[in-house]
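# Structural characterization, general
Listed here are the chains, written in short residue letters.
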Number of protein chains: 2
Amino acid sequence: MNRITVAQAAAFLQTCEDAHILLHRAPDGDCIGAGLSLQAVLRSLGKRAKVLCADPIPPRFSYLLPETPEEDFPAGCVIAVDVGAASLFGSLEETYGSRVQLCIDHHISNTFYAEQVLLEENASAACEVLYRVYREMGVPFTEQIAKCLYTGMATDTGCFKYSNTTPEAHIYTARLMQDFPAIRYDLINREMFDVKSPARIRAEIAMLSNMEYHLDGRCTIVWATLAVCRENGVDEKDMEGLTSLSLQPDGVEVGITAREREPGVFKVSLRSSDSVNVSALCAQLGGGGHIRAAGCLLRGTMDEVRRRLLDTVSGALSP
Amino acid sequence: MNRITVAQAAAFLQTCEDAHILLHRAPDGDCIGAGLSLQAVLRSLGKRAKVLCADPIPPRFSYLLPETPEEDFPAGCVIAVDVGAASLFGSLEETYGSRVQLCIDHHISNTFYAEQVLLEENASAACEVLYRVYREMGVPFTEQIAKCLYTGMATDTGCFKYSNTTPEAHIYTARLMQDFPAIRYDLINREMFDVKSPARIRAEIAMLSNMEYHLDGRCTIVWATLAVCRENGVDEKDMEGLTSLSLQPDGVEVGITAREREPGVFKVSLRSSDSVNVSALCAQLGGGGHIRAAGCLLRGTMDEVRRRLLDTVSGALSP
C-alpha cells in the first residue's frame, strides 16, 4: 500500500515544484474547493500551481477563483484531489492517469492509482483532509482559501446534514467563521443549495410528478431524460444537487437519479437513507463512491436500465 | 430593562421548583428541543418540570420526548423558552401570559413580557443559549438532552445554512457529536429536512407550479390555500419547512409563503435572501421574528393580502 500520512503529504507539498493539480470530471464543490485551495496554498509559498479539469468549472463557483490566473507551464509534479479513480479524470486520463505522484482523497472506493495516496475515508470532504494538511504545513489562510475549504466541506456534507459529517468539519468551520467573519457563508449556502433557475424549478416539477416508486416504496427512481431537459430548457449547470429529490419520500431506502447523458447512456446516482451500502451496489454496476452516495454509468433503454437497477437494489434490501 | 445574564439564569434554574415550561404555539424544533431539554435538566436535579404548549408536539419530534412523562402539579415557577411575545402562547396566554418569571429567547423582537429575560438575539437558536446555561449549571448531558439541543440548533439554522448560524452552534454540535457518537444525527436531519409525505410532495408540485413572481422577480409568493391542501390531502403536519420554496428562484430578495389557516385568514411567512429586514416588515403588519425570517397573520381575500404584502415589500427593496 502506498498510503501516506498528513505529515508526509505536507512534506511533499512543501518541496514540490510546478504543480499540476487535477480535478475529476464534472467537478463538484469539494473537488473545486480542494483544487483551488491547494493552488492558493502552493502559490503563497512562491510555487507555480495550475488546476486542470476535463470539464469547465461551473460559473456559480467563480467566487472561488484566484484573482490572477496561472500561466501555462510544464508539470513538475502531478497531484490529484478528490479523485478516486484515474478514469474520473475524463479526457485528462490519457495524459495524466499513470503519472499522478500524490492523490489526496476521501473516497472509500479509491483505487490507489497514484504513487502516494493520502486517503482518509472517514473525512467528510477532501477539503477536510486538506485543512489538516495546510495546518501541518503552517500556511496562513486567506479569505479565498477559507471560502474554498468551507465550500468543500459544506457541499459534500449537504451543509452538515449527512452521515459523513464529522465533528472536525464542524470545528474547522467554526474556526473559519471566527477567523473570517466577513465571509457571507449564508450566501455561499444559498448559491450552493437553494437557488434554482426557473428552468430547474420547471424540471423538478416534471421529475417529481413522474417519480417512480418501486420495491414497496423502498426504492425511487427520478428520471432526468433528455426529453424532460429539452422541454424545460435546462442544461448541465441547472442539474446539480438533483439527487436529493429521490430520497424525499418517507420510507425510501435507496433513491436513484438517472440522468440521460446521450440517448441510451445514463449517469446514475444512488443515495442511501440509512443502512444500504450503495458504494457496494455501484461497484457491482461498474461504478463507486461513498457508502451512502455513489454512482455509475449505465447503457440501454429506460426499461433495461430500470430492470438492472432494481435487480441490484432488491438484493440489498433487508427482508 | 429586565435582562439577565447566563449566570443569573443558571442560578435561577438551580433554585427554582415545580417548573411549568411554556412553548410557543405551533412549536418548532428549536422550541421543542429547548423545552424538553430544560425539563430533562431540571428533572436530573430532582425537580419536577412539565412542558406545556397550546398545540400538540408533532409526532416527528417524538424521539425527543422523555421516557417517563411528568405528572400534573401546580406551577411553582413559570419559564418560557423561545417565545418572543406572550401572544405566541396561544390558548395558554390567558393563564400564563402575565406570570412568566424567566424567558430564555433569541428573537430580536422579544417584547420583554417576562419578569426576567435572558435574550441573546445573536444566538442561532434558543438551544444555543440553553447549551451555555446548562454548562454554567454544570449539569451532565444525557443522550436525550444532546438530541434536543442538536435538533434545536440544526432546525433553526436550516442545518447550519442560514445567516444566523454562529461559530458556537458549530462548536457545540461538534462537542455533542464527540460526546454522543451513537446518535444518528443524519437520521434526525433526514426526518427534519428531507422526508416528505406523498401528499406534501403533491402539494409542493402544485404550489411550485403556481408560484407568483412579483416586483421584477425580486419577490415571490407561494400560496398554500385550503383548496390546494384539500386537493392534495395534506394536513398541518405535512406543511413544515414549506417556507424555503419561496426563496428558490434566482434573484428573489423576499420570499413569501401564505398559508390559509381558515377562509380569509393567512399565516404569512417572509424570508429574506440577503439585505431586506423582514422582521421590520412584519412588525409593520403586526408580526415579528428574525431579520431574515419573520411572520405575521393577515386577514382578507387573496387579492387583498397580496396587495398589502407587495405594498409593504416594495417599499423595502433598494431601487
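In short, a report on the structure. (Residues numbered from 1 in each chain as written. Chains lettered and ligands numbered in written order. Predicted model: local features only at pLDDT ≥ 70, side-chain atom pairs only at ≥ 80, totals over all residues. Heavy atoms only, no water.)

The next thing to look at is the overall build of chain A. The number of helices and strands found in chain A is 11 helices and 11 strands. Against the globule reference of 20 Å for 319 residues, chain A gives a C-alpha radius of gyration of 20 Å, in line with a compact fold. With respect to the three principal axes, the spread of C-alpha positions in chain A is 55 × 45 × 35 Å. Classification of the 319 residues of chain A by burial places 58% in the buried group. Taking all contacts inside chain A whose residues are at least 6 apart in sequence as the whole, residues at least 24 apart take part in 66%. Between the mean site of the 30 positive side-chain charges and the mean site of the 41 negative ones, chain A shows a separation of 2 Å. (Helix = DSSP H or I, 4+ residues; strand = E, 2+ residues; numbered from the N terminus. Rg over C-alpha atoms; globule rule 2.2 N^0.38 Å. Buried < 20%, exposed > 50% of the residue type's maximum accessible area, 1.4 Å probe, protein only. Contact = heavy atoms within 4.5 Å. Lys, Arg positive; Asp, Glu negative; His and termini not counted. Charge placed at Lys NZ, Arg CZ, Asp CG, Glu CD.)

How two helices pack is summed up by the angle between their axes together with the distance between the axes. All names here are of chain A. Axis separation between helix α2 (residues 29-44) and helix α5 (residues 143-156) bottoms out at 8 Å; the angle between their running directions is 160°. The orientation of α2 relative to α5 falls into the category roughly antiparallel. Note that α2 runs across α5; the crossing there is left-handed. On α5, the residues touching G29, D30, G33, L36, S37, A40 and V41 of α2 are Q144, I145, C148, L149, T151, G152, T155 and D156. Residues belonging to the contact of α2 with α5 are distributed by class as follows: six nonpolar, seven polar and two charged. (Axes fitted to C-alpha atoms, helices over the stretch in contact; angles between N-to-C directions. Parallel < 35°, antiparallel > 145°, perpendicular 65-115°, else oblique. Left-handed = near helix turned anticlockwise from the far one by under 90°. Nonpolar A, V, L, I, M, F, W, Y, C, P; charged D, E, K, R; others polar.)

Our next topic: unusual backbone geometry. Residues and elements named next belong to chain B. Positive phi, close to 60°, is recorded for C159, a residue that is not glycine. For C159, the location among the structural elements is in the loop between α5 (143-156) and α6 (167-179). If you check the backbone angles, L215 has positive phi at about 50° while not being a glycine. Relative to the elements of secondary structure, L215 occurs in the loop between β6 (212-214) and β7 (219-224). What makes L215 partly exposed here is its relative accessible area of 28%.

The next point concerns the side chain of S279(A). Tracing the sequence through the fold places S279(A) in helix α10 (residues 278-284). Those residues within four positions of S279(A) in sequence are excluded, and the remaining contacts are I108(A), S109(A), G289(A), H290(A), I291(A) and A294(A).

Turning our eyes to something else, we now look at the interface of chain A and chain B. Of the residues lining the interface, 39 residues belong to chain A; the matching set on chain B comes to 39 residues. A combined buried area of about 3400 Å² lies between chain A and chain B, and 57% of that area is made up of carbon and sulfur atoms. At the boundary of chain A with chain B, the tally comes to four salt bridges. Of the charged contacts, one joins D194(B) and K161(A) as a salt bridge, the two residues approaching to 2.8 Å between their closest N and O atoms. One can count 17 residue pairs in polar contact (both at pLDDT 80 or more) joining chain A with chain B. Mapped by element, the contributors of at least two residues to the side of chain A that touches chain B are α6 (167-179), α7 (185-194) and α8 (198-209) of chain A. A per-element tally of the side of chain A that touches chain B places α6(A) first, with seven residues. Within the side of chain A that touches chain B, the residues separate by chemical class into 19 nonpolar, 11 polar and nine charged. (Buried area = accessible area lost by both parts, 1.4 Å probe. Salt bridge = Lys/Arg side-chain N within 4 Å of Asp/Glu carboxyl O. Polar contact = N/O pair within 3.5 Å; in protein donor to acceptor, adjacent residues only side chain to side chain.)

All names here are of chain A. Running from N to C, helix α4 (residues 126-137) and α6 cross one another at 60°; their axes reach a closest spacing of 10 Å. If you check the angle between α4 and α6, you find them oblique. The chirality of how α4 crosses α6 is left-handed. Contact residues: E128, Y131, R132 and R135 in α4; E168, A169, Y172, R175, L176 and D179 in α6. The residue inventory of the contact of α4 with α6, partitioned by class, reads four nonpolar, no polar and six charged.

Another aspect to go through is the environment of R261(A). Residue and element names in this part refer to chain A. If you trace the backbone, R261 turns up in strand β8 (residues 254-262). Residue R261 is classed as partly exposed on the basis of its relative accessible area of 40%. Separated by 160 residues in the primary sequence, R261 and Q101 have C-alpha atoms spaced 32 Å apart. When near neighbours in sequence (up to four residues on either side) are disregarded, R261 contacts L226, K267 and L297.

So, about the relation of the copies chain A and chain B. Once chain A is rotated about the relating axis by 180° and shifted along it by 0.0 Å, it coincides with chain B to within an RMSD of 0.0 Å. Here the symmetry operator amounts to a two-fold rotation axis. A symmetric contact is evident, with 100% of the interface residues of chain A recurring at the interface of chain B. (Least-squares fit on C-alpha atoms with pLDDT ≥ 70 in both.)

Let us now look at the pattern of salt bridges. Residue and element names in this part refer to chain A. Counting across every chain of the model gives 30 salt bridges over all chains. Two residues, R184 and D186, come together in a salt bridge whose shortest N-O distance is 2.8 Å. Judged by its relative accessible area of 31%, R184 falls in the partly exposed class. Residues joined in a network through salt bridges with shared partners are E120, E128 and R132.

Applying the stated criterion across every chain, the model contains 15 aromatic pairs over all chains. An angle of 90° between the planes, with centres 5.7 Å apart, marks the rings of F89(A) and Y113(A) as edge-to-face. You can see F89(A) sitting in the loop between β3 (77-81) and α3 (93-96) and its partner Y113(A) sitting in the loop between β4 (102-105) and β5 (116-119), a full 24 residues away along the chain. A relative accessible area of 0% means that F89(A) is categorised as buried. Looking at Y113(A), the relative accessible area reads 17%, which means it is buried. With a centroid separation of 6.1 Å and 85° between ring planes, the pair formed by F160(A) and F160(B) is classed as edge-to-face. Pair noted here: F160(A) is in the loop between α5 and α6 and F160(B) is in the loop between α5 and α6, and the two residues belong to different chains. Taking relative accessible area as the criterion, F160(A) reaches 1% and is therefore assigned buried. Taken together through their ring pairs, the aromatic side chains of Y150(A), F160(A), Y185(A), Y150(B), F160(B) and Y185(B) make up a single cluster. A cation over a ring is seen here: R135(A) above F141(A), with NZ or CZ 4.1 Å from the ring centre. (Phe/Tyr/Trp six-rings, centres within 6.5 Å; stacked < 30°, edge-to-face > 60°. Lys NZ or Arg CZ within 6 Å of the ring centre and 35° of its normal.)

Limitation: the analysis is restricted to geometry and does not speak to function.
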